[in-house]
Amino acid sequence: MVRCILMSGGKMRSLFAPIGGVAVAAVVTAISSSSVQADARPKAVITILHSFGTDGQHPFSGLVADKSGTMYGTTLHGGATSLGTVYKLAPDGAVSVIYNFQGTTDGAFPFSGVTLDKKGNLFGVTSGADVSDDYGTVYKMTAKGKEKVLHVLNNVPDGNSPQSELVDDGEGNFYGTAAAGGMGAGDVFRISPSGNFEVVYSFIGGADGGNPVSGLITDGSGNFFGTTYNGGDHGWGTVFGVTAGGGHTILYSFTGGTDGRNPWSGLVADKSGNFYGTTYFGGDQDMGVVFKLAPDGTQSVLHSFTGGNDGSNPIGNLLIDKKGNLYGTANLGGKGGAGTVFEISAHGKFSTLYAFKGAPKDGANPAGDLYMDGDGVLFGTTENGGENASGTIFKLTIQ
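Residues numbered from 1 in each chain as written. Predicted model: local features only at pLDDT ≥ 70, side-chain atom pairs only at ≥ 80, totals over all residues. Heavy atoms only, no water.

Novice: Describe the side chain of Asp259, and please don't skip the residues or the numbers.
Specialist: Note on placement: Asp259 falls in the loop between β20 (248–253) and β21 (268–269). Within the buried set, Asp259 has no salt-bridge partner at all; the shortest N-O distance to an opposite charge, 8.6 Å, is to Arg261. Side chain to side chain, Asp259 and Tyr252 meet in a polar contact 2.7 Å long. (Helix = DSSP H or I, 4+ residues; strand = E, 2+ residues; numbered from the N terminus. Buried < 20%, exposed > 50% of the residue type's maximum accessible area, 1.4 Å probe, protein only. Lys, Arg positive; Asp, Glu negative; His and termini not counted. Salt bridge = Lys/Arg side-chain N within 4 Å of Asp/Glu carboxyl O. Polar contact = N/O pair within 3.5 Å; in protein donor to acceptor, adjacent residues only side chain to side chain.)

Novice: Would you mind going over the packing of aromatic side chains in detail, with residue names and values included?
Specialist: By the definition in use, this model includes 22 aromatic pairs. Taking the centre distance of 5.9 Å and the plane angle of 85° together, the rings of Phe305 and Phe350 count as edge-to-face. Taken together, the residues Phe305 in the loop between β24 (299–304) and β25 (319–320) and Phe350 in strand β28 (residues 350–355) connect sequence positions 45 residues apart. The two residues Phe305 and Phe350 agree in class, both being buried. Three or more aromatic residues link up through ring pairs in this structure, and these residues are Phe60, Phe111, Tyr229, Trp264, Tyr280 and Phe281. Cation over ring: Arg261 sits above Trp236, and NZ or CZ is 4.9 Å from the ring centre. (Phe/Tyr/Trp six-rings, centres within 6.5 Å; stacked < 30°, edge-to-face > 60°. Lys NZ or Arg CZ within 6 Å of the ring centre and 35° of its normal.)

Novice: Describe the environment of Lys322, and please don't skip the residues or the numbers.
Specialist: You can see Lys322 is positioned in the loop between β25 and β26 (326–330). Classification of Lys322 by relative accessible area gives exposed; the value is 84%.

Novice: Provide a residue-level description of the pairing of strand β14 (residues 174–178), including the pertinent values.
Specialist: In terms of residue burial, β14 counts as a mostly covered element, since five of its five residues are buried. Where burial is concerned, the two faces of β14 agree: the one with Phe174, Gly176 and Ala178 and the one with Tyr175 and Thr177 are both buried. Pairing of strand β13 (residues 167–168) with β14, which is carried by two bridges, proceeds in the antiparallel orientation. The residue bridging Val167 from the neighbouring strand is Tyr175, located in β14. Here β14 runs beside strand β15 (residues 187–191); their pairing, made up of five bridges, is antiparallel. Bridged to Ala178 within β15 is Asp187. (Pairing = 2+ DSSP bridges.)

Novice: Would you mind going over the confidence of the model for the protein chain in detail, with residue names and values included?
Specialist: Looking at the protein chain, pLDDT values average 89 and 88% of them are 70 or higher. In this model residues 1–42 is a low-confidence stretch, pLDDT under 50, and it forms 124 contacts with partners more than four residues away in sequence or in other chains. (pLDDT = per-residue confidence, 0-100. Contact = heavy atoms within 4.5 Å.)

Novice: Could you give an account of the pattern of salt bridges, naming the residues involved and the relevant values?
Specialist: Enumeration over the complete set of coordinates arrives at two salt bridges. With a closest N to O distance of 3.2 Å, Glu198 and Arg190 form a salt bridge. Its relative accessible area of 15% is what places Arg190 among the buried residues. Linking Asp286 and Arg261 is a salt bridge whose minimum nitrogen-to-oxygen distance equals 2.9 Å. Here Asp286, found in the loop between β22 (275–279) and β23 (289–293), pairs with Arg261, found in the loop between β20 and β21; they are 25 residues apart in sequence, far enough to count as distant. Classification of Asp286 as partly exposed rests on a relative accessible area of 33%. Since its relative accessible area comes to 15%, Arg261 is described here as buried.

Novice: Got a sec to walk through the environment of Tyr229? Specific residues and values, please.
Specialist: Along the polypeptide, Tyr229 turns up in the loop between β18 (223–228) and β19 (238–243). Remark: the alpha-carbon pair of Tyr229 and Val213, spanning 16 residues in sequence, is separated by 6.5 Å.

Novice: Give a detailed account of the sheet that holds strand β6 (residues 71–75), specifying residues and quantitative values.
Specialist: The four strands are arranged β5-β6-β7-β8 in an open sheet whose pairing can be described as antiparallel. Strands at the two margins of the open sheet, each flanked by one partner only, are β5 (64–65) and β8 (95–100). Inspection of the sheet shows β5 paired to β6 by two bridges, in the antiparallel sense. Each residue of the ladder has a partner; that of Ala65, found in β6, is Met71.

Novice: Provide a residue-level description of the pairing of β26, including the pertinent values.
Specialist: Across the five residues of β26, five count as buried, placing the element largely inside the fold. Burial along β26 is two-sided: the residues Leu326, Gly328 and Ala330 and Tyr327 and Thr329 are all buried. When β25 meets β26, the two strands line up antiparallel, connected through two bridges. Counterpart to Leu319 in the pairing with β26 is Tyr327. Turn length for the β25-β26 hairpin, with the two strands adjacent in sequence and antiparallel, is five residues, and the turn residue Gly324 shows positive phi of about 90°.

Novice: Summarise the environment of Tyr87; cite the residues concerned and give the values.
Specialist: Topologically, Tyr87 is positioned in strand β7 (residues 85–89). Taking the relative accessible area as the measure of exposure, Tyr87 reaches 0% and is therefore buried. Along the backbone, Tyr87 and Leu63 are 24 residues apart, and their C-alpha atoms lie at a distance of 9.8 Å.

Written out as structure tokens, the structure reads:
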């Protein structure tokens with residue numbers, strides 16, 4: 001599936017067309033592939049907390065929570081202007097819109113969710129900006145919905161169409177990615193709370209990778225890691241590292257075969273320094289994989305999606321708990337044909353926790369990241385489904 005964004009002003013922009021470029025040195029590592037059969041037994045109880053309608057449509061991102069337990073997220077469309085919203089979910093279950101994007105210089109169409117700072121302020125990006133130069137924005141917002149635009153991207157050299165959450169570097173700055181633009185295939189950028197914007201690394205689209213749709217993680221020492229949807233030695237995407245000073249390293253180039261291709265999601269890491277992620281395509285059935293990348297560069301496939309009970313085509317980032325168990329969502333497939341929530345245990349066992357039916361009282365097509373509270377309960381969103389076919393917020397209690 002190739003997604004295009006309908007930007008303000010009626011412009012349609014495809015993000016994922018392969019882009020050529022010059023080759024750079026890349027580290028290519030050995031591949032070992034393994035797949036575990038999906039366990040389709042019921043593993044969790046779902047509760048639909050909210051069905052979107054007039055208050056927003058199609059939440060593509062997940063949720064984050066503040067110290068009080070209030071959760072925040074975005075909808076890609078809908079709201080008062082049909083250009084997307086920022087909303088909050090109170091501990092008592094009430095959902096309220098705190099901001100409606102206007103489509104001027106404040107931005108429009110937020111694919112990504114928000115990141116909270118220590119003071120409870122929200123930071124995020126939109127994929128569109130004003131009607132003439134709709135390249136995206138970076139914004140800051142109070143918990144009450146007062147928005148300040150920190151930067152409007154200009155395509156070159158800033159990049160365009162940022163679609164992922166920002167990450168705090170621990171020193172007050174935020175790092176993010178633009179899916180396109182820059183030197184041709186997107187970039188990694190840094191922005192201060194006051195709006196000082198800098199391009200850290202700009203992808204050419206060749207062996208260095210191209211089109212970073214997902215966000216970054218950091219080791220806290222000025223190193224950041226992520227994936228690109230395209231590019232690499234084989235053109236099917238990469239796992240990369242960048243430094244705060246702009247150094248760039250390819251950790252893995254996907255071959256497009258059983259190891260997977262086109263990673264839409266970003267990475268999570270365990271205490272041993274292993275990275276985990278997913279690819280949207282590739283694997284045994286070309287429906288995506290869950291992979292592990294060891295510190296020595298060895299890539300292995302933990303699960304290859306079949307499109308059956310296990311689902312297919314994962315988009316959101318994985319979640320790793322304290323015991324090393326992985327949780328994630330598949331956007332499509334599953335018994336109900338509308339996506340799944342899955343678990344991979346620390347020992348490598350794959351289980352389907354829930355299969356969405358797409359029915360009015362259910363949800364369909366989960367795309368955002370999962371959030372886990374202190375009791376091990378999972379919270380997430382679906383793009384579609386629900387009472388108004390505009391998406392849902394759900395809670396999943398694991399049995």
